[in-house]
Structure formats: structure tokens, C-alpha cells
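# An overview of the molecular structure
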Amino acid sequence: MSAPLITLRDMSILLGANRVLQDVNLSITPGEIVTVVGPNGSGKSTLLRALIGALPPATGSVTRAPGLRIGYVPQKLAIDSALPMTVRRFLSLPRRIGDPEAVQALHRAGVPDLGQRQMVDLSGGQFQRVLLARALLERPQLLLLDEATQGLDQPGSAAFYRQIEEVRRDLGCAVVMVSHDLHVVMAASDRVLCVNGHICCQGTPDIVASAPEYRALFGTGTGGALALYRHQHSHSHDHDHSHPHDHKGAA
């Protein structure tokens, strides 16, 4: 088995006096797609920031493979509508890149013809593909996406995640994504983490006709959703450190 790209051991994160994540144990291995889900405010984005290194652990440790290359696609990025900037120029910020690199990155992101378009003229889906292209410039070993399809419709989200699968095949990189697009993304995942201040449970996606426990947690109310685990999310989240149901869901 390949050595992990990143390992978190008993990691906790504090934001001010608030303990956002506690006792997180997690390893990300090369080539896997991991989807992180959980209610709003559960610490999903904080987990990504810890993986990147933007947030230091209050307790525990974060160990990265030497020289690990990380690409990051943010949830959103604001660009001044009065600022003229082509996609090609955007890809060269802050580090100037050559045309072959730019062309290859845009091709990998599925938008090979956008180089001369103005950033402010792009559709939501095109904009996210350009952010993906920028993240791919360094040929990352680990690609992190923080709700990168927020605001896209279901077909747009599905197309974006298909592109991520192609990127994984092409580069062999691991992918960790935070997502609310449960109905379109889970089938592509090798592993799903349910986070609510800690890792409640994790396992492979279990595709079934209905998922009452899952809908109860997220309040989706959507029929035909993907059941992630045969697991009752009934344990408390009162930080008592005793979570008897913390286990991998049965496939």
C-alpha cells in the first residue's frame, strides 16, 4: 500500500475559543477520491484548511509527504467586474507561466478554448473550470475542492465532477472535496467522511434507493438519494469524547 500523502493524528482545531474540530484521525492515500459531507458549520472547510496548512492544529499533528504538491479550488473567488483580465492572464497570477502550461491546464479542466476570454464574461461553470485549471498548473498530488460546484445546476455539477474523475485518472492525484451535491458526487467517491465537529463515520458510498438515516441528518428530503452508510446518526455531538458508533459504514 502506498504511503499516505497526509496523515492527521488526534488533530483539533481552534478558531478563537471555539473548538471547531476535535480528535480527527485521517490519512489520504495517493489516487483516492474522498468526499467530505456534514451539516453547515460542521467543520468541513476547516478540515480542508488544516490539510492545506492554513490552520495550525491546536492539538495533535499533521504530517505531509515531503515536497507534497497541493492544488486548491476555492468555493468562490471575487474578481472586480471593472478589471479587464483574460483567462490566460489570470492563470499567470501570481507566477508567470508559459503558454504550453496554460494550454495543458485548460485542456485538463475541460475548457481548452477559453484562454482569451475575459474572466468577468465567464459563466459560473466556466469560471469554476478555470479555477480548476489554475489548481492543476503545479500537477498536484493532492487536489482539494471546497464546495467547488456551489451555485451550479445539477447537470453543471455532474459535468464538473466527471471532469474531476478524468483529472484523477490523468494525473493520478488524490482528491478531497467538500460537497453538498450529494446526489451527483457520491458515486465517484472511494470514501466518504461525515463530519460534525469530528469524523462521525466514514466508508464507501452505499448506493440504495432511499437513505432515511442520511436524509434525517441532512434534511434533504430527496428521494433516490445515495445512502452512504447503514448507520444511525443518533449519537450526540456534545464533545463528550465517547462516540460508540464511530465506525466504518457497512457496504
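Please refer to the structure placed before this passage.
Read on for a plain summary of the structure. Bear in mind the structure is a predicted one, so any value in this text is a computation, not a measurement.

### Considerations on the overall build of the protein chain
- For the protein chain, the count of helices and strands is seven helices and nine strands.
- The buried share of the protein chain, reckoned over its 251 residues, is 49%.
- Taking the intrachain contacts of the protein chain between residues at least 6 apart in sequence as the baseline, contacts between residues at least 24 apart amount to 69%.
- By element, 50% of the accessible surface of the protein chain is carried by carbon and sulfur atoms, the whole surface being about 11800 Å².

### Side note on the sheet that holds strand S1 (residues 6-15)
- What the three strands build is an open sheet, ordered S2-S1-S4; its pairing is antiparallel. One side of each edge strand has no neighbouring strand; the edge strands of this open sheet are strand S2 (18-28) and strand S4 (59-64). Here the average twist between neighbouring strands, direction ignored, is 25 degrees.
- Examined bridge by bridge, S1 and S2 share seven bridges and lie antiparallel to one another. Bridged to Met11 within S2 is Val24.

### Notes on the packing of aromatic side chains
- Using the criterion set out here, one finds one aromatic pair in the structure.
- On the numbers, 6.0 Å between centres and 80 degrees between planes, the contact of Phe160 with Tyr161 is edge-to-face. For the pair shown, Phe160 and Tyr161 are each scored as buried.
- In this structure, Arg134 is placed above the aromatic ring of Phe90, and the distance from its NZ or CZ to the ring centre is 4.6 Å.

### What about the pattern of salt bridges?
- Applying the stated criterion across every chain, the model contains six salt bridges.
- Of the charged contacts, one joins Arg95 and Glu138 as a salt bridge, the two residues approaching to 3.0 Å between their closest N and O atoms. Taken together, the residues span a long stretch of sequence, with Arg95 in the loop between helix H2 (87-91) and helix H3 (99-108) and Glu138 in the loop between helix H4 (124-136) and strand S6 (142-146) at a distance of 43 residues.
- A relative accessible area of 41% places Glu138 in the partly exposed class.
- Asp190 serves as the salt-bridge partner of Arg168, at 3.0 Å between the closest nitrogen and oxygen. Residue Arg168 is located in helix H5 (residues 154-171), and its partner Asp190 is located in the loop between helix H6 (182-185) and strand S8 (191-195); the two are separated by 22 residues in the primary sequence.
- Via salt bridges that share partners, Arg95, Glu101 and Glu138 belong to a single interconnected network.

### A look at the environment of Pro4
- With respect to the helices, strands and loops of the structure, Pro4 is situated in the segment before S1.
- On the basis of relative accessible area, Pro4 is assigned to the partly exposed category, the value being 36%.
- Residues Pro4 and Ala65 lie 61 residues apart in sequence; the distance between their C-alpha atoms is 7.2 Å.
- In this structure, Pro4 is in contact with Ser27, Ile28, Thr29 and Ala65, ignoring residues within four places of it in sequence.

The rules behind the values
- Residues numbered from 1 in each chain as written.
- Predicted model: local features only at pLDDT ≥ 70, side-chain atom pairs only at ≥ 80, totals over all residues.
- Heavy atoms only, no water.
- Helix = DSSP H or I, 4+ residues; strand = E, 2+ residues; numbered from the N terminus.
- Buried < 20%, exposed > 50% of the residue type's maximum accessible area, 1.4 Å probe, protein only.
- Contact = heavy atoms within 4.5 Å.
- Areas by Shrake-Rupley, 256 points an atom, 1.4 Å probe, with all protein chains shown as cover.
- Pairing = 2+ DSSP bridges.
- Axes fitted to C-alpha atoms, helices over the stretch in contact; angles between N-to-C directions.
- Phe/Tyr/Trp six-rings, centres within 6.5 Å; stacked < 30°, edge-to-face > 60°.
- Lys NZ or Arg CZ within 6 Å of the ring centre and 35° of its normal.
- Salt bridge = Lys/Arg side-chain N within 4 Å of Asp/Glu carboxyl O.

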